[in-house]
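Residue-level listing of the chains:
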Amino acid sequence: MDRIFKLSFSSSSLVTGQSISFARPRRLTSQLLLAAVFATWAAGVAVAQAPVARVETLAGTGQAGLADGNRQVGQLNRPHGLAIDGRGNVYVSDRGNHAIRVVAPNGDIRTLAGNGKEGKADGIGAAASFNQPVAVAVDKSGNVYVADRDNHLVRLIDPSGKVSAVVGTGTAGFTEGPALSAQFNQPYGIALSPDEKILYIADYLNHAIRALDVGTRRVTTLAGNGKSGFANGKGDQAQFNQPYNVKIDARGRLYVPDQNNHAIRRVEPDGTVSTIAGTGQSGFAGGKAAESRFNNPTGLIVAADGTIYVADRNNHRIRIISAAGEVSTIAGEGTEGFLDGFGPAAKFNRPIDIVLTADGSLVVSEENNHRLRKILLTR
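Parameters at a glance
- Residues numbered from 1 in each chain as written.
- Predicted model: local features only at pLDDT ≥ 70, side-chain atom pairs only at ≥ 80, totals over all residues.
- Heavy atoms only, no water.
- Helix = DSSP H or I, 4+ residues; strand = E, 2+ residues; numbered from the N terminus.
- Contact = heavy atoms within 4.5 Å.
- Pairing = 2+ DSSP bridges.
- 1 Å grid on protein atoms, 1.4 Å probe; cavity = no way out; pocket = protein on both sides within 12 Å on 5 of 7 lines; lining within 4 Å.
- Points joined across faces, edges and corners; volume = space filled by probe spheres on them.
- Nonpolar A, V, L, I, M, F, W, Y, C, P; charged D, E, K, R; others polar.
- Buried < 20%, exposed > 50% of the residue type's maximum accessible area, 1.4 Å probe, protein only.
- Phe/Tyr/Trp six-rings, centres within 6.5 Å; stacked < 30°, edge-to-face > 60°.
- Lys NZ or Arg CZ within 6 Å of the ring centre and 35° of its normal.

*Asks:* Account for the side chain of asparagine 241, naming residues and giving values.
*Replies:* Relative to the assigned elements, asparagine 241 resides in the loop between strand E16 (233-234) and strand E17 (247-248). Excluding residues that lie within four positions of it along the chain, asparagine 241 makes contacts with His207, Ser228, Gly229, Asp258, Gln259, Asn260 and Asn261.

*Asks:* If you had to explain the sheet that holds strand E24 (residues 317-321) to someone new, which residues and values would you point to?
*Replies:* One open sheet accounts for five strands, arranged E21-E25-E24-E23-E22; its pairing is antiparallel. Of all strands in the sheet, those with a lone pairing partner are strand E21 (287-288) and strand E22 (297-302), marking the two edges. Relative to E24, strand E23 (residues 308-312) runs antiparallel, the two sharing five bridges. Its bridge partner lying in E24, alanine 311 is registered against isoleucine 318.

*Asks:* I'd like a rundown of the layout of surface pockets, residues and numbers included.
*Replies:* Looking at the largest pocket, its volume works out to about 1,200 Å³. For the largest pocket, the lining is made up of 45 residues, of which Ile84, Val138, Ile248, Ile301 and Leu356 are closest to its centre. Going through the elements one at a time, strand E2 (79-84), strand E3 (90-94), strand E7 (133-138), strand E12 (187-192), E17, E22 and strand E27 (351-356) are the ones with two or more residues in the lining of the largest pocket. Of the residues belonging to the lining of the largest pocket, the class tally is 27 nonpolar, seven polar and eleven charged.

*Asks:* Provide a residue-level description of unusual backbone geometry, including the pertinent values.
*Replies:* The backbone of histidine 98 sits at a positive phi, close to 50 degrees, despite the residue not being glycine. Positionally, histidine 98 belongs in the loop between E3 and strand E4 (99-103). A relative accessible area of 10% means that histidine 98 is categorised as buried. The phi torsion at glutamine 242 lies on the positive side, around 65 degrees, for a residue other than glycine. With respect to the helices and strands, glutamine 242 occurs in the loop between E16 and E17.

*Asks:* Describe the packing of aromatic side chains, and please don't skip the residues or the numbers.
*Replies:* Two numbers describe a pair of aromatic rings. These are the distance of the centres and the angle of the planes. Applying the stated criterion across every chain yields a total of three aromatic pairs. Measuring from ring centre to ring centre gives 3.9 Å for tyrosine 188 and tyrosine 204, while their planes differ by 25 degrees; the resulting arrangement is stacked. Here tyrosine 204 lies in the loop between strand E13 (198-203) and strand E14 (208-213) and tyrosine 188 lies in strand E12, a separation of 16 residues in the sequence. Residue classification places tyrosine 188 among the buried residues on the basis of a relative accessible area of 3%. The class for tyrosine 204 is buried, based on a relative accessible area of 9%. Aromatic side chains tyrosine 204 and tyrosine 244 sit 5.9 Å apart centroid to centroid with 90 degrees between the ring planes, which places their arrangement in the edge-to-face category. In this pair, tyrosine 204 sits in the loop between E13 and E14 while tyrosine 244 sits in the loop between E16 and E17, placing the two residues 40 residues apart along the sequence. A relative accessible area of 4% places tyrosine 244 in the buried class. Three or more aromatic residues joined by ring pairs make a cluster, and in this case those are Tyr188, Tyr204 and Tyr244. In this structure, arginine 210 packs its charged tip against the face of phenylalanine 184, placed 4.7 Å from the ring centre. Above the ring of phenylalanine 348, the side-chain terminus of arginine 373 is found at 4.8 Å from the ring centroid.

Take a look at the structure:
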């Protein structure tokens, strides 16, 4: 029989009367319980406010490679942007393999398009080629949009597996207009509006958020002006510094990890930009959103309750911005490495992007460990 421990702390971060539960029904040993409590407390995370997290490996062996198969043999190479479909399949922009992969809920990996070699060829499956794809988005019909970074294009993989260009000329630039005449300079993030009528694109080296009207096939600039900076405002009055990704909430508001401003920005549908967390200076600090610090955030996801989960890449942590505007850490010890386990005791090596599964878990792409990690959450 497991013993019951009475725990007392001098820190106010642990609130008397609060309890901890775990993401799966299971018998907990006293050692596991203590590990969860101490890991959370040691990281300065208020147990009463933040979820308890347990980190597992979903896919990838830790060695860079291009291999399909189950979690024991399947390999990835610098996985970047993620998307998820209605069946729980996670689509991965496998940057180092120049390919788009699909990871099933059980961790099995298959290759959807690309062949491991950089290129710009259209075609079906392995006949197609990409050049450092860094983001994906999936619509309700099963079409997969790909931010093909070094080809300066957004490509489409239709349900038959055929790859074609959707927007861009293939040459770096900053122009609006018809989809195949418009130019980008390293598209890094893509997201569909809730009605799937607009495709938003984080235009990395143009420091802008662009919009493709899927019906008219015309490109406009929603926010940013082509120059790096850190300014809130509307449309071209706002500035970003290498926006790395873009995600969207149910109300159609965009969320941008503004990498070199070390901040999380929000863009309203009319192009009005605000800063919701971060000071513009790199670092590691929680608490009030306006006083918090990040170090090159690269990915995020917004939950239905307004909670934002952030991949804080160079801090090797997963951060949380509560709906009340408080920032804390739910997973990651802060130094690069690899370790599954409870919350802040776990280790990552450059977490890049995040998606939220139907059961409330997070899936994180991890560049330097060549893995997808799964974070089971409970409050």
